[in-house]
Amino acid sequence: MSLQCGIVGLPNVGKSTLFNCLSNAKAQSANFPFCTIEPNVGVITVPDERLIKLGELCQPERGVIPTTVEIVDIAGLVKGASQGEGLGNKFLANIRETDAIIHVLRCFDDENVVHVDGSVNPVRDKEIIDAELQLKDLETVESRILKCEKAAKAGGDKQAKLQLEVLVKYREALSQGKSARTVELDNKDQEAAAKDLFLLTNKPVMYVCNVDEASAVSGNAYVEQVREAVKDENAQVLVLAAKIESEIAELETYEERQMFLEEIGLKESGVNRLIKAAYALLNLRTFLTAGSDEVRAWTFKAGAKAPQCAGVIHTDFEKGFIRAEVIKYADFIELGGEAACRAAGKLATEGKDYLVQDGDIMHFLFNV
């Protein structure tokens, strides 16, 4: 399952530094705008402490295989991007291809790092990006409305009428400077019609406040301004210091990284928290397979049933699905493995309607 989060923001807010920490890719990170012209894509391992415990218990021959998510570093947007300023059209096209947005905001003062608008103001920066994405979406919506009106009138197209209802709702919100994600749709039919529009401001978003080292634990006044500005968006706000994260990334061992984190008062690195939050932002969950050959994490969309999850491993598993054997992670660890769980009656046999839960340890039976 290849799903992407796109990192966006104004130039010089720390996007590429953060991307480098996430992926160890060498995205150019320099103190001037547009140093990242082509989007950089990093395949990021999703941290999961459950895999470590399962690996210790099962001692698999082929090792432990985590799940991943793709992160795309998109060049800095500027005011006027929706009209093509600063290579805006190309950048907006790159955002459109992603499934969710990680919006990096500069929440630190540093006279040695130039701000494209001359001063640090994360709420203003957020509004600049929002406005450009909203203007592009409004352009898209206006164009689609014209087509739907013609189709609805000419042939009495029910689907066109349904989409027109949705488009009118979006036009009203976007015209008021609101993002598409703030619009409440009336029913599942409208929600389905909305998905086909692929609007930029309808993507789930997480705001990452890039702070200085002194603010890495508790945040600062800039962060509080951001929290207040996004309180009605149902969006997550995450605080990290990209400069610290780059120092952590250079440390060789897990023990060294943990010691560093303890010294500055953090339990977990900002990068780990960001990856987990991005995974959740995409509405992704993890089921596990565990045995003497390998321990592995598999990604599925929340709400998926057993056959669909079987298909994540191999399409034949879904086509010939018979049943799934499920052990809860906590039982597997507490009792010491599959055999003990079977003996204790902690292995459940589930059919095609079983809703897979995050952390389920699965074994699929199939016949093709």
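Criteria and cut-off values
Residues numbered from 1 in each chain as written. Predicted model: local features only at pLDDT ≥ 70, side-chain atom pairs only at ≥ 80, totals over all residues. Heavy atoms only, no water. Phe/Tyr/Trp six-rings, centres within 6.5 Å; stacked < 30°, edge-to-face > 60°. Lys NZ or Arg CZ within 6 Å of the ring centre and 35° of its normal. Helix = DSSP H or I, 4+ residues; strand = E, 2+ residues; numbered from the N terminus. Expected span 1.5 Å × (residues − 1). Buried < 20%, exposed > 50% of the residue type's maximum accessible area, 1.4 Å probe, protein only. Pairing = 2+ DSSP bridges. Core = buried A, V, L, I, M, F, W, Y, C linked by side-chain atoms within 4.5 Å. Axes fitted to C-alpha atoms, helices over the stretch in contact; angles between N-to-C directions. Parallel < 35°, antiparallel > 145°, perpendicular 65-115°, else oblique. Contact = heavy atoms within 4.5 Å. Nonpolar A, V, L, I, M, F, W, Y, C, P; charged D, E, K, R; others polar. Salt bridge = Lys/Arg side-chain N within 4 Å of Asp/Glu carboxyl O.

A. Inspection of the packing of aromatic side chains at higher detail. What the rule picks out here adds up to five aromatic pairs. One aromatic cluster in this structure is built from Phe287, Trp298, Phe300, Phe321 and Phe364. Over the ring of tryptophan 298 we find arginine 296, and its NZ or CZ is 4.2 Å from the ring centre.

B. A look at helix H5 (residues 158-175). Here H5 contains 18 residues, and its C-alpha end-to-end distance of 26 Å stays within 8% of the 26 Å for a straight helix at 1.5 Å per residue. Where H5 ends, the next residue or the one after it, glycine 177, has phi of about 75°, a positive value.

C. Just unusual backbone geometry, in detail. Despite not being glycine, asparagine 12 shows a phi value in the positive range, around 65°. With respect to the helices, strands and loops of the structure, asparagine 12 is situated in the loop between strand S1 (4-8) and helix H1 (15-23). On the basis of relative accessible area, asparagine 12 is assigned to the buried category, the value being 14%. Of note in this structure, glutamine 59 is not a glycine but carries a positive phi near 50°. Here glutamine 59 shows up in the loop between helix H2 (49-58) and strand S3 (64-65). Of the residues examined, glutamine 59 reaches a relative accessible area of 58% and is grouped as exposed.

D. Highlighting the pairing of strand S4 (residues 68-73). In terms of burial, S4 is largely enclosed, as five of its six residues are buried. Relative to S4, S1 runs parallel, the two sharing four bridges. Residue pairing for S4: glycine 6 is matched across the bridge by valine 72. Across six bridges, the pairing between strand S2 (residues 40-45) and S4 is antiparallel. The partner of glycine 42 across the bridge, within S4, is isoleucine 71.

E. Region of the structure containing the nonpolar core. Membership of the largest hydrophobic core comes to 60 residues, with the highest contact counts inside it found for Leu22, Ile102 and Leu274. The element contributing the most residues to this core is helix H10 (residues 270-281), with seven residues. If you look at the next biggest cluster of nonpolar residues, it comprises 17 residues, including Leu138, Leu164, Val166 and Ala193.

F. Structural context of the packing of H5 against helix H6 (residues 188-195). The N-to-C vectors of H5 and H6 enclose an angle of 80°; their axes lie 9 Å apart at closest approach. Here H5 lies roughly perpendicular to H6, going by the angle between them. Residues Gln159, Leu162, Gln163, Glu165, Val166, Lys169 and Tyr170 of H5 form the contact with H6, whose participating residues are Asp189, Gln190, Ala193 and Ala194. In terms of residue class, the contact of H5 with H6 is built from five nonpolar, three polar and three charged.

G. The pattern of salt bridges, seen in detail. Going through the model one piece at a time under the given rule, you end up with 20 salt bridges. For glutamate 228, the salt bridge goes to lysine 231, with nearest N and O atoms at 2.7 Å. What makes glutamate 228 partly exposed here is its relative accessible area of 48%. Lysine 231 sits in the exposed class, given a relative accessible area of 54%. Among the ionic pairs, arginine 296 bridges to glutamate 294, the shortest N-O distance being 4.0 Å. Judged by its relative accessible area of 27%, arginine 296 falls in the partly exposed class. Judged by its relative accessible area of 13%, glutamate 294 is buried. Within this structure, Arg62, Asp293, Glu294 and Arg296 form a network of salt bridges that share partners.

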